[in-house]
Amino acid sequence: MTRSIALLGSTGSIGRQTLEVARELGVEVAALTANRSVDLLEQQARAFRPRLAVLCDADAANELRRRLADTDVEVMSGMDGLLAAATMDEADTLVTAVVGMIGLRPTLAAIERKKRIALANKETLVCAGELVMDAADRHGAELIPVDSEHSAIFQCLQGCRDRGEIKRLLLTCSGGPFYGLSRGELAGKTRADALRHPNWTMGAKITVDSATLMNKGLELIEAMRLYRLPLARVEAVIHRQSIVHSLVEFRDGALLAQLGTPDMKLPIRYALTYPNRAPSAEPPLDLLSCPPLTFAPPDEEAFRCLKLAKQAAAAGGTACAVLNGANEAAVGAFLAERIGFLDVPALVERALAEVAQVSNPTLSDILEADRLSRASVERHIS
Ligand code: MG
């Protein structure tokens, strides 16, 4: 059980819910980090009194330091600040709730300190899954997924000692706001359309990823890395109700699933209390009033991002880092209304074709693949 956390990405959707869970569990907060939200980080720092508060943006950090001058909270900025938060002795668990590749180096640094990692930053495992999992094994650090699908699988695998007993992992997928539409119908979809998710309230980047189904593609790769399974044993299945959070099929034909309301506090709470379970004040799923549960295959022709993710997973090496970097850049451009919805898969596909792949990549190969893929996207937009 976690006693004290360092929380990377405290002002985002997962970060704010993590603080609610920490308060409810009586878990201390040793560090808070965010990108540039001075107002909210100041409020959080006053409420939780961490030893360290970090804003990535240097000007924002200066402003925060001025505002927190009457407290004993230390303020840092940039990657140095993130690394200091990730490695501080006061925290036994690092919660990584940042979006994107920026979570990679702090996660590796915390693993080296043998901290528990509550991982809500899927890009880290997508880009550098082998490096991260090898480091966790070598240092004996626990990696507990916070992503709802991976938490469901993690819960279903409790008591499973032999990974050879797993036949398949089935990741459920809501289908997003554009479920059932053809490629032609997707062409004119705007930022506002994409941000209307039917079941989950999340940050903008992941909501767009849910609309393109890239989120599920990234999650397939995340599951392959976490459970060290080949692509052939990890599948996505459309489940519109978001009640079955994922399933494991075992070799004897048993299927285990975790069900619940769409509430991220459950996987957050479990990651902090594992191997125990704490009581929750939220109303549980009521089976008698929940809608019928349906399942369908995803349409990979209309939603090309899922297909591209599988291609990158099959290619291995730096391909997943290229996929992710290009996607982050393209989604950023879509959110800035610089490109259309179908440009996202087109730009990712171009980056995968253009950026030279490296097999058995080192950390610097991965960071370089990430940089080159973003550059490829920018070149084609401008
Ligand atoms: Mg998820």
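Look a little higher up for the structure.
Remember, predicted model here, so these are calculated numbers, not experimental data.

Draft legend 1. View of the state of the cysteines. Summed over all chains, the structure comprises 0 disulfides. A disulfide-free cysteine, C56 has its sulfur positioned 17 Å from the sulfur of C127, the nearest such atom. Unpaired in terms of disulfides, C290 finds its nearest cysteine sulfur in C156, a separation of 17 Å.

Draft legend 2. Highlighting the coordination of the magnesium ion. At 2.1 to 2.2 Å from the magnesium ion lie its protein donor atoms, namely D147 (OD), E149 (OE) and E219 (OE). Site description for the magnesium ion: donor spacing in sequence, D-x1-E-x69-E. Taken together, the positions of D147 in the loop between β7 (143-145) and α7 (148-156) and E219 in helix α11 (residues 214-227) put the pair 72 residues apart, joining distant regions of the chain. No difference in accessibility class separates D147 from E219, as the two residues are buried.

Draft legend 3. Summary view of the pairing of strand β2 (residues 28-34). Of all 7 residues in β2, 6 are buried; the element is thus mostly enclosed. In terms of strand pairing, strand β1 (residues 4-8) meets β2 through 5 bridges, oriented parallel. If you follow L7 over to β2, its bridge partner there is L32. Since β1 and β2 lie parallel, the crossover through helix α1 (residues 13-25) that links them has a hand, and here it is right-handed. Pairing analysis gives 4 bridges linking β2 to strand β3 (residues 52-55), with the strands arranged parallel. Bridge pairing links L32 to A53 in β3. Crossover connection from β2 via helix α2 (residues 38-48) to parallel β3: handedness right-handed.

Calculation criteria
- Residues numbered from 1 in each chain as written.
- Predicted model: local features only at pLDDT ≥ 70, side-chain atom pairs only at ≥ 80, totals over all residues.
- Heavy atoms only, no water.
- Disulfide = S-S within 2.5 Å.
- Donors = N, O, S within 2.8 Å, 3.2 Å for Na, K, Ca; no water.
- Helix = DSSP H or I, 4+ residues; strand = E, 2+ residues; numbered from the N terminus.
- Buried < 20%, exposed > 50% of the residue type's maximum accessible area, 1.4 Å probe, protein only.
- Pairing = 2+ DSSP bridges.
- Right-handed = clockwise from strand over helix to strand, strands pointing away.

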